[in-house]
Amino acid sequence: MSISVFLVDDHALFLSGVRAELGDDFDVVGQSSDVDDAISDILDTQPDVVLVDVHMPGGGGHAVISNVMERTPEVKFLALSVSDAPDDVIAMIRAGARGYITKSIAAGELGTAIKRIHDGDAVFSPRLAGFVLDAFAGTVQAPLDPELDQLTNREKEVLRLIARGFAYKQVARKLDISIKTVETHVSSVLRKLQLSNRHELTRWASDRRIV
Amino acid sequence: MATPASGQLSSAGPPNFGVYRRRDDRVVAGLASGMADAVGIDAAYVRAAFVALLAVSGLGGLFYLIGWAMTSSSVVDARSVPSDPIVPASPIERHRTIGAGLAFGGVLLALSHTVLWLGASSGAVTLTAFGLATLWARSDRVQRTRWTNALLRGEWTEKSRRELGLRAGAGGFLILVGLTILFTATDTLRSVGAVLLAALVTGGGLMLVLGPWMYRLWSDLREERRERIRSEEREDLAAHLHDSVLQTLALIQRSKNPEEQAILARIQERELRSWLFGYNGDNGGSFAKAIESAAASVERDHQIAVDVVTVGDCDLDPGVDAVVKAAREAMVNAAKHSGARILSVFAEVDTGEVEVFVTDQGIGFDTAAVNDDRHGISDSIVARMARHGGSADIDSEPGEGTEVHLRIARSVR
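Residues numbered from 1 in each chain as written. Chains lettered and ligands numbered in written order. Predicted model: local features only at pLDDT ≥ 70, side-chain atom pairs only at ≥ 80, totals over all residues. Heavy atoms only, no water.

### Let's talk about the overall build of chain B
For chain B, the count of helices and strands is 12 helices and seven strands. The buried share of chain B, taken over its 413 residues, is 40%. The long-range fraction of contacts in chain B, counting pairs at least 24 apart against all pairs at least 6 apart in sequence, stands at 69%. (Helix = DSSP H or I, 4+ residues; strand = E, 2+ residues; numbered from the N terminus. Buried < 20%, exposed > 50% of the residue type's maximum accessible area, 1.4 Å probe, protein only. Contact = heavy atoms within 4.5 Å.)

### Examining unusual backbone geometry
Within the chain, aspartate 176 of chain A stands out as a residue other than glycine whose phi angle is a positive 60°. Looking at the element boundaries, aspartate 176 of chain A is found in the loop between helix H9 (168-175) and helix H10 (179-195). With phi around 50°, glutamine 303 of chain B is a residue other than glycine that occupies positive phi space. For glutamine 303 of chain B, the location among the structural elements is in the loop between helix H10 (287-302) and strand S3 (305-311). Judged by relative accessible area, glutamine 303 of chain B falls into the partly exposed class, the value being 47%.

### Some thoughts on the pairing of strand S4 (residues 76-81) of chain A
Residues and elements named next belong to chain A. Within S4, five of the six residues are buried, leaving the element largely enclosed by the surrounding structure. In this sheet, S4 lies alongside strand S3 (residues 49-53) in parallel orientation, the contact comprising five bridges. Along S4, the bridge assignment pairs valine 49 with lysine 76. Where S4 meets strand S5 (residues 99-102), three bridges bridge the pair, whose relative direction is parallel. If you follow alanine 79 over to S5, its bridge partner there is tyrosine 100. (Pairing = 2+ DSSP bridges.)

### Re the sheet that holds strand S1 (residues 4-8) of chain A
Residue and element names in this part refer to chain A. If you trace the six strands from one edge of the open sheet to the other, you get S2-S1-S3-S4-S5-S6, paired in parallel fashion. Taken across any chain shown, the strands that pair with only one partner, and hence form the sheet edges, are strand S2 (27-32) and strand S6 (123-124). The strands touched by helix H5 (residues 107-118) within the sheet are S1, S3, S4, S5 and S6, with S4 carrying the most contacts at an inclination of about 150°. (Axes fitted to C-alpha atoms, helices over the stretch in contact; angles between N-to-C directions.)

### What about the nonpolar core?
Counting residues in each nonpolar core, the largest one holds 54 residues, and the members touching the most others are Ile42, Phe77, Phe124 and Val132 of chain A. Looking at which element gives the most residues to this core, the answer is helix H6 (residues 126-135) of chain A, with six residues. Apart from the residues lying within four places of it in its own chain, the contact partners of isoleucine 42 of chain A are Phe6, Val8, Pro47, Val50, Val64, Val68, Val75 and Phe77 of chain A. Val306, Val320, Ala392 and Val404 of chain B belong to the second largest nonpolar core, which has 33 residues in total. (Core = buried A, V, L, I, M, F, W, Y, C linked by side-chain atoms within 4.5 Å.)

### Some points on the interface of chain A and chain B
Tallying the contact residues gives 17 residues for chain A and 17 residues for chain B. Interface area, chain A with chain B, both sides summed: about 1500 Å², of which 45% is carbon and sulfur. Run the count over chain A and chain B and you get five salt bridges. In this structure, arginine 164 of chain A engages glutamate 403 of chain B in a salt bridge whose closest nitrogen and oxygen atoms are separated by 2.3 Å. At the boundary of chain A with chain B, the tally comes to seven residue pairs in polar contact (both at pLDDT 80 or more). Among the elements of the structure, H6, helix H8 (153-163) and H9 of chain A are those that each provide at least two residues to the side of chain A that touches chain B. Broken down by element, the residue count for the side of chain A that touches chain B peaks at five residues, all from H6 of chain A. For the side of chain A that touches chain B, a count of residues per class yields six nonpolar, four polar and seven charged. (Buried area = accessible area lost by both parts, 1.4 Å probe. Salt bridge = Lys/Arg side-chain N within 4 Å of Asp/Glu carboxyl O. Polar contact = N/O pair within 3.5 Å; in protein donor to acceptor, adjacent residues only side chain to side chain. Nonpolar A, V, L, I, M, F, W, Y, C, P; charged D, E, K, R; others polar.)

This is the structure:
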């Protein structure tokens, strides 16, 4: 059975483009162009994966994510955007998105990303990896939770390789580890990103009023 | 005299301070009961006040006249629904109004004879008052409409209307007191202090009465200015989009080559993004921005996509600048020789060092067999980095793409 996908984006052109792109391999069960519709339609259709734009009229993509996740945590979100601003992206991840890609992503890679999200893994684009390294840069004086507030050296290595443009498979080969291990590291980074109380992260999040 | 025709209630009437002359409850022209309504007290008190002031050199009459000129009459009280039909003044009412006007004129005339100075100043005051009323009525058309609309549609709360009435009442009272002091003081020419006090009190009263109007005028002006700034910003935006995005879109439509279209779109995207995020083309001594613009220039000159990720930032110094130049050279090399369509550039500023990776997934080459004619790598990259105390490692294998790794220790300041 193919993965069911729901699209949330207020740009009609982009919606139809993605729809055509995913058509054969995925089951596109619906699309919405504003926050409130998106929330009710996603709750109705219960898709496997939701592609959600960062910038949306009426609350932004993170409003969709947090509202849906409250009721059905099993729906998975992949954020996509043309936006560069780190706070927007971090806000999406903090709200519960399992990955972030830019809209300029190549057609084949979008499908790979959706499958990866569906399998419960995280999808880090080079740009997101850069943001995360930035957010976790430096050491925290007396971290509240050392487990969550810092990245391990291995995680940093993985993120650096992703930021350098390597795919997970290449990262695995470079570090001489399995792809599964790479995925584990990335998922662990995602968890820290969502749960850490690091000042840099909470500042971004509270600017967006999602914490 | 510029007395407004009585018996007309319409939104085009003069401003009222929330006070209408009540035609259904009046002794002379209904001003007292109208004022009483606005303040929320019994009309008898207001009438008593007017009568009492009449006793003070006939001031009550003068103020009644002023109040009369500055208000319009209402069929019923001001709080009623606007759908009430506007009843034209009946001949009897008109006669009564004219009669009242004549009576006031007589009173004024009589006063001017008995006390000479009051005749002169009351005339001046009356004229000024009517002049002000007319001026106001003319200059204030928009606000007046808004105001009367608010009043008639009942959009104001009971509280705000009461406040307005109270303010007008208190202000009016202060003006009365002030003028009374003024007149009595000039009468006996007792002291300059009393005149000053009178001026102060009168001024306070005027502030109370006119304050809200002036505030409204001021905030309207401010709003207008803000609107103008907004529209100027819109024009700037439109101009910018026209010069950049629209031109590129036109180019893309004319282009038959998908790759060229993609490049055009990318260049435009980068340009627009840097504009949106406030980057004005000046690196400002920032390493990250220098890397970004190096990538942008390679993208433009060599028709290749360059993905840049930067972590941290630092000021440019000769060493760091060398890294930027070497990185640019590495990008140009990759663009020319790798055959890849996308380059990745990752620049990281750590506490100790600055690192840049320029990575492509292209054809790669055998690093052991670099030709001498490829000066780019040996001179511009390796030698340049060595000169500044840094290093350049080139990692490549045929078919495996190429990665150039530049690093330099940060100079201690």
